[in-house]
Each structure stands twice: as structure tokens, then as C-alpha cells.
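What the coordinates show
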Amino acid sequence: MKLKFWQRKSDADGDGPEKGGGSVGVAQGEAPEFEMPPGHHLDFGTRMRAKWEGYDDPVEYYLLQLEIDAYTDWLRKMRVWLARPVEPELSELALDDEIGRWPPDRIRLYDKLFDHGIMMPGGHEYALELAKPLALDETLSCLEIGAKLGGVARLLADRLGVWVTALEPDGELALLGMERSVQAGVQKRVPVQPLDPLQPELRKGYFNVVYSYGELYKIPEKETFLKALAETLRDHGQLLVTDYVLTRDLDENELANWARLEGEELFPWTAQEYKSRLGQLKFDIRIAKDESETHLKHIKLAWMTMLSDIQKAGLDPDIMDYLEPEMEMWMNRVKMLENGSLAFYRFYATIN
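What counts, and at which threshold
Residues numbered from 1 in each chain as written. Predicted model: local features only at pLDDT ≥ 70, side-chain atom pairs only at ≥ 80, totals over all residues. Heavy atoms only, no water. Helix = DSSP H or I, 4+ residues; strand = E, 2+ residues; numbered from the N terminus. Buried < 20%, exposed > 50% of the residue type's maximum accessible area, 1.4 Å probe, protein only. Contact = heavy atoms within 4.5 Å. Areas by Shrake-Rupley, 256 points an atom, 1.4 Å probe, with all protein chains shown as cover. 1 Å grid on protein atoms, 1.4 Å probe; cavity = no way out; pocket = protein on both sides within 12 Å on 5 of 7 lines; lining within 4 Å. Points joined across faces, edges and corners; volume = space filled by probe spheres on them. Nonpolar A, V, L, I, M, F, W, Y, C, P; charged D, E, K, R; others polar. Core = buried A, V, L, I, M, F, W, Y, C linked by side-chain atoms within 4.5 Å. Axes fitted to C-alpha atoms, helices over the stretch in contact; angles between N-to-C directions. Left-handed = near helix turned anticlockwise from the far one by under 90°. Salt bridge = Lys/Arg side-chain N within 4 Å of Asp/Glu carboxyl O. Polar contact = N/O pair within 3.5 Å; in protein donor to acceptor, adjacent residues only side chain to side chain. Phe/Tyr/Trp six-rings, centres within 6.5 Å; stacked < 30°, edge-to-face > 60°. Lys NZ or Arg CZ within 6 Å of the ring centre and 35° of its normal. Expected span 1.5 Å × (residues − 1). Bend = angle between axes of the 7 residues up to and from the residue. Pairing = 2+ DSSP bridges.

A word on the overall build of the protein. Looking only at helices and strands, one finds eleven helices and eight strands in the protein. Expressed as a percentage of its 352 residues, the buried residues of the protein come to 52%. A separation of at least 24 residues holds for 77% of the contacts in the protein among residues at least 6 apart in sequence. About 17,300 Å² of surface is accessible on the protein, with carbon and sulfur atoms providing 50% of the total.

Bringing the environment of Pro317 into the picture now. Here Pro317 is to be found in helix 11 (residues 317-338). A relative accessible area of 59% means that Pro317 is categorised as exposed. Separated by 212 residues in sequence, Pro317 and Asp105 have C-alpha atoms that sit 9.5 Å apart.

Quick look at the layout of surface pockets now. Empty space within the largest pocket amounts to approximately 600 Å³. In terms of lining residues, the largest pocket is bounded by 35 residues, among which Lys148, Glu168, Glu215, Lys218 and Glu264 are the most central. Sorting the residues of the lining of the largest pocket by element identifies helix 3 (104-113), strand 5 (233-246) and helix 11 as the ones contributing at least two each. Sort the elements by how many residues they give to the lining of the largest pocket and helix 11 lands first, with four residues. A breakdown of the residues in the lining of the largest pocket according to their chemical character gives 18 nonpolar, five polar and twelve charged.

So, on to the nonpolar core. Core analysis: the largest hydrophobic core is formed by 67 residues, its most contacted members being Leu136, Tyr211, Tyr213 and Trp330. Take this core: its biggest share by element is seven residues, from helix 11. With residues near it in sequence (within four places) discarded, Tyr213 still touches Met120, Ala127, Leu130, Ala131, Ile145, Val152, Leu240 and Thr242. Listed in part, the 30 residues of the second largest apolar core include Leu195, Leu216, Leu226 and Leu233.

A word on the packing of helix 8 (residues 252-262) against helix 11. Close contact between helix 8 and helix 11 brings their axes to 8 Å; oriented N to C, the two are set at 145°. Here helix 8 and helix 11 pass one another in a crossing that is left-handed. Here helix 8 contributes Asn257, Trp258, Arg260, Leu261 and Glu262 to the contact with helix 11, which in turn contributes Glu328, Met329, Asn332, Arg333 and Met336.

Under the counting rule described, the total for this entry stands at 14 salt bridges. With a closest N to O distance of 3.1 Å, Glu215 and Lys218 form a salt bridge. Each member of the pair, Glu215 as well as Lys218, is classed as buried.

By secondary structure assignment, the location of Glu326 is in helix 11. The exposure class of Glu326 is buried, given its relative accessible area of 5%. A polar contact is formed between the side chain of Glu326 and the side chain of Arg106, at a distance of 2.6 Å. Setting aside its immediate chain neighbours within four residues, Glu326 contacts Arg106, Leu109, Tyr110 and Trp303.

Moving on, we come to the packing of aromatic side chains. Across all of its chains, the model carries twelve aromatic pairs by this definition. The interplanar angle of 80° and the centroid separation of 5.1 Å between the aromatic rings of Tyr217 and Tyr244 together place this pair among those described as edge-to-face. On the criterion of sequence distance, the pair formed by Tyr217 in the loop between strand 4 (207-213) and helix 7 (222-232) and Tyr244 in strand 5 is long-range, its members being 27 residues apart. We note that Tyr217, like Tyr244, is buried. Here the aromatic residues Trp102, Tyr110, Phe114 and Trp330 are joined through ring pairs into a cluster of three or more. Note that Arg106 overlies the ring of Trp102, its terminal NZ or CZ placed 3.6 Å from the centroid. The residue whose ring lies beneath Arg333 is Trp330, and the NZ or CZ to ring-centre distance is 4.3 Å.

Now for empty space enclosed by the protein. Scanning the model with the defined rule gives two cavities of 30 Å³ or more in all. The calculated volume of the second largest cavity comes to roughly 70 Å³. Its residues placed into classes, the lining of the second largest cavity shows six nonpolar, one polar and three charged.

Residues separated by three or four positions in an α-helix point in the same direction, a consequence of the helix having 3.6 residues per turn. The terminal C-alpha atoms of helix 11, which comprises 22 residues, lie 31 Å apart, in line with the 32 Å expected from a rise of 1.5 Å per residue. The largest bend along helix 11 reaches roughly 35° and is located at Leu323, with the proline Pro325 sitting one to four residues downstream. Residues Ile319, Leu323, Glu326, Met329, Trp330, Asn332, Arg333, Val334, Met336 and Leu337 constitute the buried set of helix 11. At its buried positions, helix 11 is contacted by helix 3, strand 5, helix 8, helix 10 (292-313) and strand 8 (342-351). Downstream of helix 11 by a residue or two, Gly340 has a phi angle that is positive, lying close to 85°.

Turning our attention to the pairing of strand 8. Here strand 8 lies mainly inside the structure; ten of its ten residues are buried. Alternating positions in strand 8 separate into two faces, Leu342, Phe344, Arg346, Tyr348 and Thr350 on one and Ala343, Tyr345, Phe347, Ala349 and Ile351 on the other, with burial throughout. Where strand 5 meets strand 8, nine bridges bridge the pair, whose relative direction is antiparallel. Looking across to strand 8, one finds that Leu246 is bridged to Leu342. Where strand 7 (residues 283-290) meets strand 8, seven bridges bridge the pair, whose relative direction is antiparallel. Bridge pairing links Ile285 to Ala349 in strand 8.

Right, here's the structure in full:
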């Protein structure tokens, strides 16, 4: 299932005047940026609700409600699928073929390992620390790449008041993340949506901030993808990226083993490749820092705490089924960071 965030007129390129927080102004004489789908009607009640929610264009509000309804229907289908005693053919419900990679017990393991819903070493505290240079507030709109369950996006929205569009390449995680946003009542402020890295379809000149916490090494054709990120930023936009970078060439077997443990194909860059590409895109790089030592401490502390809790109180056997492969993956990252094959870098840059 593929959903587009906005339905737009074919002649609208996203260059019109826009304001933060998801609302759009239309200058006199310009065509409206958002278009009602054929056969749909915008009633008085919807117009009033849109105004109450702070939307300048009620069509924008209406389109978001359509998308939320589509997600709700998809969530219902997933619950039906999970409740069936016999595994069905996925085609019966037209669900993505990856469904089932993130069952509840695997999610619960990550909730115990890191802060609830964050799924990254360092949890809430480190996510907020990384965001400090961005000076986020309620006037800014953000785009997150590799959002997983959307925990970081919801944290930033809750603590700092920003609007975050959270994109996740794993369709199942995006689905589960949107469900959490709906449950938290922040589906408008923090929608979690699927991302096709090869066809990102990002609105040009729309976001104040783009950030990604440790996920871009999984993105193919990164040169093209970073160009799309640069184009979706407004003037004086900010980019914050943490990522695993190569410090030496890996041979074919090393890369294959790493990818096997991660469960997907990997496309890592060196720090210099990041610097060169960002420079080509006219970014002013303010920070390019090796954060490997801090990252290692966060990983080790999380796993030491987890294992200590297991020794003291045990762990649900269903969660234990996922413990060994997850630990093997994370310990391989630790080994590669410690032997100098990888580094964990933080990049912060602005664009004029």
C-alpha cells in the first residue's frame, strides 16, 4: 500500500508562500495549492473544524483526514491478519510482503532495551541533546528520515512543539508508528508514513529542518537522495544527520556479513563522502564530529542494563526468542566500531 502525503495540482511545484505548522496561505490571484479529489465535497462542518484546527486552507485539512482514514483501514486489516489462527495468504488482504518482521514481542524487546518507542541508543536524553543546535520551536516544520516507530518525532513534538513528518522505509514500522501517533492523539502533528528512498516525492522548499538519526547507511543512491533532502528545505534550512560511516574499505565478505546481521542491504559512505556531497549541494557544514565513543557507551549501557534485568527478574520467553539475533546484530556494530571498521558521525549543516 502506498499513500501520498498530499494530493496536489499537477501545476503546483511547492514554491508558493507557506507557513510552518502545516498550514498554507494562498496569495490573491494564485491557484490553490491543494485540490479536492473528484467526487468529494467540502461541507460546512469540515470547513469549521479546519479553521478550529488552525488550517488556512480547509482542503489541506480534508486531505489529511482522508489519509488518516486510509491508515485506520490499513490498521484494521493488520489486526485481522494478526488475529487469525492460521497464517493467511498475504494477498487476501493486499498487505505488504514484509509484514510480520516486527511482531509485538520484538517491539517489546526494543521498548525494554531503549526508551519506550525510541529504538535508538541513548534514548530520550540523547535525542534531545542532538536536536539542541536546531533551536526547534512551534514555528518550525521538520522532516525525519528513518523514523522507525516515530518515537523521536513524537518526543520532539511534545517537548519542543514542532511539527514533524516522520518517514520510514520499512512499511510495517511506518504502519505501527502511525498507530502510535493515532493512539497518542498526535496524528496531525506527527504523521508516520512509508518512504520509498528511490522515489521520495518530497515537497520542494517546504521544511525548515531535515534530520536522520543513524539510518542513512541503509539508503541506496545516496547522492540523489541527499539532493532531494536539500531541495525540500526552505532557505536557511537545517540538516542534522547521525550515521555509521566507513573508515576503511570493507571486503565483500565483511560487507555481506554485516548486511546479513542487519537483515537488509547496506550502502555506507565514508565521512569524507558526506562532506564532499554536502559541499556540492551548497551546505555550510557547521559540525562533522566522530561520536563513536558516545555511541558505544550508549549501546553497552543499554545491553548491560537489559542483561542485568534478565538475571534479576527473568524475561518473557516470547521476547527471549528475539534476544539472541538482536544482540548479535548490535554486538557486531560494537565490534566494527571498536576495531576501526566503522565510525558513528554527526553532521550538522545549513543551506542558504
